[in-house]
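Below, each chain spelled out in residue letters.
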Amino acid sequence: MTPSPTADVTSLPDDPFSVANITDPYPMLTRLRENGPVTWLEKYGVYAVAGFEEVYEVLTDFETYCSSGGLGPHDIREDEGWRPPSILESDPPTHTVMRRALTGVINPSTVRALREPFTPPAEELADELVTRGEFDVVKDLAEKYPLRVFPDAVGIPEDGREHLLPYGNMVFNAFGPKNEILDRAFANADEHSAAIMQNCARENLDSTGFGARIWDRVHDGMLTPEQATLLVRALLSAGVDTTVFGIGNTLKCLSQSPQAWATLRDNPALAKFAVDEALRLESPFQKFHRTTTAAGTLGGVDIPANSKILLLTGAANRDPRQWHDNADDYDIERRASGHVAFGMGLHQCVGQPIARLEMELVLKALATRVERIEPAGEPVPIVHNSLRGFESIPVKVVPRS
Amino acid sequence: MSVLRARTREVVVDRVERVAEDVVSLVLVNPDGSPFPAWEPGSHVDLHLGEEHVRQYSLCSSPTDLSHLRIAVLNVPDSRGGSRWVHENIRPRDTVPISEPRNNFPIKDSRKYLFLAGGIGITPIIPMIEWAHAAGKEWQLVYGGRSRDSMAFGDRLRDEYGDRVRLVPEDESGRMDLQAILGLPRAHMLVYACGPTGMLRTVEDLCMGWPPGALHTEKFAATALGTASAAEPFDVDLVRSGKTVRVPTDRTILEAVEDVGVRVLSSCRHGLCGTCETTVVSGDPEHRDAVLPQQDRDSGDMMMICVSRAAAGCRRLALDL
């Protein structure tokens, strides 16, 4: 039975998961925001939330808007999931145990220690790309750098790393409906899942990485072996695709904004702010679901218990009520702090500092070497149920003299 | 001492009442009957006892009635003598010097409140409850003590607020089951706890799984000096930009720094994500975040400026900004 909406919400026929709306999401997101903070989407029978204030409210009210129903449109408690629920799909107190274990491993101190090993690969890549003059940001940089540094930090074997991107693709596409996009992502699902699960097993992790340190928590009695496997898996699935898209999207913004590049080139210390503003404007993680545990009101709309809520973080991050009239502009002078590209509240991305570090280092390496960067062709958006990114972003660079 | 003296006023003890076993309550009025200055729930006054002793006592009267102030004092046998002195020496119509009310334990606005009181720790909670109730907030109080007779104001609170107040006298129902009370974090709920050190340590442990910033405690027993940082503004030198900013009690370092146009990357602004980590050049931080590991806390080289502040006695921090 398709659920029906409450009386006081406006319905729209828009489909956030159509190929047209995925490749150019912003006209639809503007339409939804202008319709009101909460809209009933007829096609899927879910409440879509597009206003910043309301998205923030849902993210921080982990009791009313639970995660254990899954981040996709189906309640994973009602049917057999394709995998055991992850930390993202859990609520307190289960979530608390896993979150504490993870923050014990990924924290400001351990991430600070990554700056040194993560820097030379960024500089080597930048050196090579500047010499080439023309390259594809996605294929030649964004997909290469995180895969070069991050799996080493987790400590997984070399063998099987080719499954990381396809596996991440499965995980994030599953936050959308069962459509052709999802079918394509799951084409070789069993093979990718098996390879990833094998990489998360204790005996296959090297002794120094984050993976081994998560397994140490089993020894301490803080985690069960199953939880440890799931947390290593969560790191691998959440930490690659999103960072790839974050790097790509940042460079797309900068290549289209010569003034911003000039500012950054003159002061490469601004790299982290340039990344943050790109995360706001072109958020890699655009949309996912929550499930209501009780009836309540959000943005003036009554929502019954057990409703699926589609959170449009990409819309919230461009809400003019929060980001002013120039919300659609890339402005590295803007105070982008508080955007919800990494989520907010209890489930805010644990790997955020690692992702920020990777993005900052890549950008800094380029900013110190590149005088000008400009498009060398149209970026090709990727068709993906929940992530915003590009298959290809061709650019030309002029080296600094 | 002259500084403290300058901020005191002489008040008259209007009434001395025994409000529980070993607890007396003092009602203080101005000699000329004039009202006291306004104060906020959570505030305390310093009581100057004889020449040597200065003790902090939370105000448990109503902030909406400034005609008098009320404090309650537990006679602690092995204390440093302040409470016994009050019990043995203070009589109606005595004059005592007190400080102006100060607040180390301010209540923040949210939707829901869980108040936890152990013994005499009930005192700062009483005005908080009154405020939360008047503001129409969702709240509950769990109040534990050795026995019903030892629990000051327990029956009165129960009569006034009904089921929202749960009294847990240890001799009837055992100790407060803090594990059950705090096991499940609640969204938008702030926890205000005051009581003996052992109880607060358990509360702190259990609140590790709550959102950062949810737990607020005042360590009541003779540690008011240790919480002075919340009550005092301090200065922050931004060594790279050459600016100095004052951080008032109601602003964070991050906000104060942003106000003078210095950019700091931040995200959650609640001490959870670690994005605003800042190098400390000099001074002692008091860490209030949920992410910095212990060895970094101990070294004091880094701090999360969205929630952390200057430590007690440190009036100046220098940051690498």
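Conventions adopted
- Residues numbered from 1 in each chain as written.
- Chains lettered and ligands numbered in written order.
- Predicted model: local features only at pLDDT ≥ 70, side-chain atom pairs only at ≥ 80, totals over all residues.
- Heavy atoms only, no water.
- Helix = DSSP H or I, 4+ residues; strand = E, 2+ residues; numbered from the N terminus.
- Buried < 20%, exposed > 50% of the residue type's maximum accessible area, 1.4 Å probe, protein only.
- Phe/Tyr/Trp six-rings, centres within 6.5 Å; stacked < 30°, edge-to-face > 60°.
- Lys NZ or Arg CZ within 6 Å of the ring centre and 35° of its normal.
- Salt bridge = Lys/Arg side-chain N within 4 Å of Asp/Glu carboxyl O.
- Pairing = 2+ DSSP bridges.
- Axes fitted to C-alpha atoms, helices over the stretch in contact; angles between N-to-C directions.
- Contact = heavy atoms within 4.5 Å.
- Left-handed = near helix turned anticlockwise from the far one by under 90°.
- Parallel < 35°, antiparallel > 145°, perpendicular 65-115°, else oblique.
- Buried area = accessible area lost by both parts, 1.4 Å probe.
- Polar contact = N/O pair within 3.5 Å; in protein donor to acceptor, adjacent residues only side chain to side chain.

Naming follows an unreviewed UniProt entry, where chain B appears as Ferredoxin-NADP reductase of Haloactinomyces albus.

The name an unreviewed UniProt entry gives chain A is Cytochrome P450, with Haloactinomyces albus as the organism.

**Student:** What's the story with the environment of Arg184(A) in this structure? I'm lost.
**Tutor:** All names here are of chain A. Within the fold, Arg 184 resides in helix α10 (residues 180–185). For Arg 184, a relative accessible area of 54% corresponds to the exposed category. With 19 residues separating them along the chain, Arg 184 and Leu 165 place their C-alpha atoms 14 Å apart.

**Student:** What is the right way to look at the packing of aromatic side chains in this model?
**Tutor:** What describes a pair of aromatic rings is the distance from one ring centre to the other and the angle between the planes of the rings. Taken as a whole, this structure holds 15 aromatic pairs over all chains when the rule is applied. Ring geometry for Tyr113(B) and Trp131(B): centres 5.8 Å apart, planes at 85 degrees, overall edge-to-face. Highlighted residues: Tyr113(B) in strand β8 (residues 112–118) and Trp131(B) in helix α3 (residues 122–134), separated in sequence by 18 residues. Joined through ring pairs, the aromatic side chains of Phe105(B), Tyr113(B), Phe115(B), Trp131(B), Trp139(B), Tyr161(B) and Tyr192(B) make up one cluster. One residue, Arg263(B), lies across the ring of Phe273(A), its end atom 4.2 Å from the ring centre.

**Student:** I would appreciate a short explanation of the pattern of salt bridges in the present structure.
**Tutor:** As a working rule, side chains carrying opposite charge can pair if their charged atoms are close by. Scanning the model with the defined rule gives 49 salt bridges over all chains in all. The salt bridge involving Arg265(A) is made with Asp266(A); its shortest N-O contact spans 3.3 Å. A salt bridge links Arg297(B) to Asp289(B), with the nearest nitrogen and oxygen atoms 3.2 Å apart. Bridged by salt links that share partners, the residues Asp14(B), Arg15(B), Glu17(B) and Arg70(B) form one connected network.

**Student:** Would you mind going over unusual backbone geometry with me for this structure?
**Tutor:** Excluding glycine, most residues fall at negative phi; most peptide bonds, likewise, are trans. A cis geometry characterises the amide bond from Pro92(A) onward to Pro93(A), with omega recorded as 5 degrees. When you line up the elements, Pro93(A) lands in the loop between β4 (65–66) and α4 (94–105). Look at Asp22(B): it is not a glycine, yet its phi comes out positive at around 70 degrees. Examined against the element boundaries, Asp22(B) turns out to sit in the loop between β1 (8–20) and β2 (23–29). You will see that His188(B), though not glycine, has its phi angle at about 60 degrees, which is positive.

**Student:** What's the story with the sheet that holds strand β13 (residues 394–399) of chain A in this structure? I'm lost.
**Tutor:** Strand pairing within a sheet occurs via backbone hydrogen bonds; the two strands may be parallel or antiparallel. Residues and elements named next belong to chain A. Taking strand neighbours across the sheet as the criterion, the three strands line up as β5-β13-β10 in an open arrangement whose pairing is antiparallel. Taken across any chain shown, the strands that pair with only one partner, and hence form the sheet edges, are β5 (134–136) and β10 (370–375). Adjacent strand axes in the sheet meet at a mean angle of 30 degrees when their direction is disregarded. The pairing of β5 with β13 spans three bridges and is classified as antiparallel. Paired with Glu 134 across the bridge in β13 is Lys 396. Contacts from helix α14 (residues 241–255) reach β10 and β13 within the one sheet, and its direction differs from that of β10 by about 95 degrees.

**Student:** Is there a simple way to think about the pairing of β2(B) in this case?
**Tutor:** Side chains on a regular strand alternate between the two faces of the sheet. All names here are of chain B. The element β2 is largely enclosed, with a buried count of seven among its seven residues. Alternating positions in β2 separate into two faces, Val 23, Ser 25, Val 27 and Val 29 on one and Val 24, Leu 26 and Leu 28 on the other, with burial throughout. Sheet topology note: the β1/β2 ladder contains seven bridges and is antiparallel. Residue pairing for β2: Arg 18 is matched across the bridge by Val 24. Joining the antiparallel neighbours β1 and β2 is a turn of two residues, in which Asp 22 adopts a positive phi near 70 degrees.

**Student:** It is not clear to me how the sheet that holds strand β2 (residues 38–41) of chain A should be interpreted in this structure. Could you clarify?
**Tutor:** Residues and elements named next belong to chain A. If you walk across this open sheet you meet the six strands as β1-β2-β3-β9-β6-β4, and the pairing is mixed. In the strand order of this sheet, the two ends are held by β1 (11–12) and β4, each with one partner. Summarising the sheet, β2 and strand β3 (residues 46–49) pair through four bridges and their orientation is antiparallel. Each residue of the ladder has a partner; that of Trp 40, found in β3, is Tyr 47. Where helix α2 (residues 26–35) meets the sheet, it contacts β1, β2 and β9 (308–312), and its direction lies at approximately 115 degrees from that of β2. Strands β3, β4, β6 (287–292) and β9 of the sheet are contacted by helix α3 (residues 52–60), whose axis makes an angle of about 125 degrees with β9.

**Student:** What's the story with the packing of α14(A) against helix α19 (residues 352–367) of chain A in this structure? I'm lost.
**Tutor:** For any two helices packed against each other, the geometry is given by the interaxial angle and the distance between the axes. Residue and element names in this part refer to chain A. At a closest axis distance of 10 Å, the pairing of α14 and α19 adopts a crossing angle of 40 degrees. Of the two possible hands of crossing, α14 and α19 adopt the one that is right-handed. Facing α14, whose interface residues are Thr 243, Gly 246, Ile 247, Thr 250, Leu 251 and Leu 254, α19 presents Ala 355, Glu 358, Met 359, Val 362, Leu 363 and Leu 366.

**Student:** Can you walk me through the packing of helix α16 (residues 271–281) of chain A against α19(A) in this structure?
**Tutor:** Residues and elements named next belong to chain A. Between α16 and α19, the shortest axis-to-axis distance is 9 Å and the interhelical angle comes to 120 degrees. With respect to α19, the axis of α16 lies oblique. Classified by chirality, the crossing of α19 by α16 is right-handed. Residues Ala 271, Lys 272, Ala 274, Val 275, Asp 276 and Leu 279 of α16 touch α19, and the partners they reach there are Arg 356, Met 359, Glu 360, Leu 363 and Lys 364.

**Student:** Before we go on, may I ask you to explain α3(A) in this structure?
**Tutor:** Quick reminder: α-helices carry 3.6 residues per turn. Residues three or four places apart thus point the same way. Buried residues dominate α3(A), accounting for seven of its nine residues. Turning to α3(A), its buried residues number three or more, namely Phe52(A), Glu54(A), Val55(A), Glu57(A), Val58(A), Leu59(A) and Thr60(A).

**Student:** How should I be thinking about the interface of chain B and chain A in this particular structure?
**Tutor:** With 31 residues of chain B at the interface, the matching set in chain A holds 32 residues. Buried area between chain B and chain A, both sides added, is near 2500 Å², and the carbon and sulfur share of it is 52%. Counting across the chain B and chain A interface gives six salt bridges. Measuring nitrogen to oxygen at the nearest pair gives 2.3 Å for the salt bridge that ties Glu63(A) to Arg186(B). Summed over the shared surface of chain B and chain A, the result is 14 residue pairs in polar contact (both at pLDDT 80 or more).

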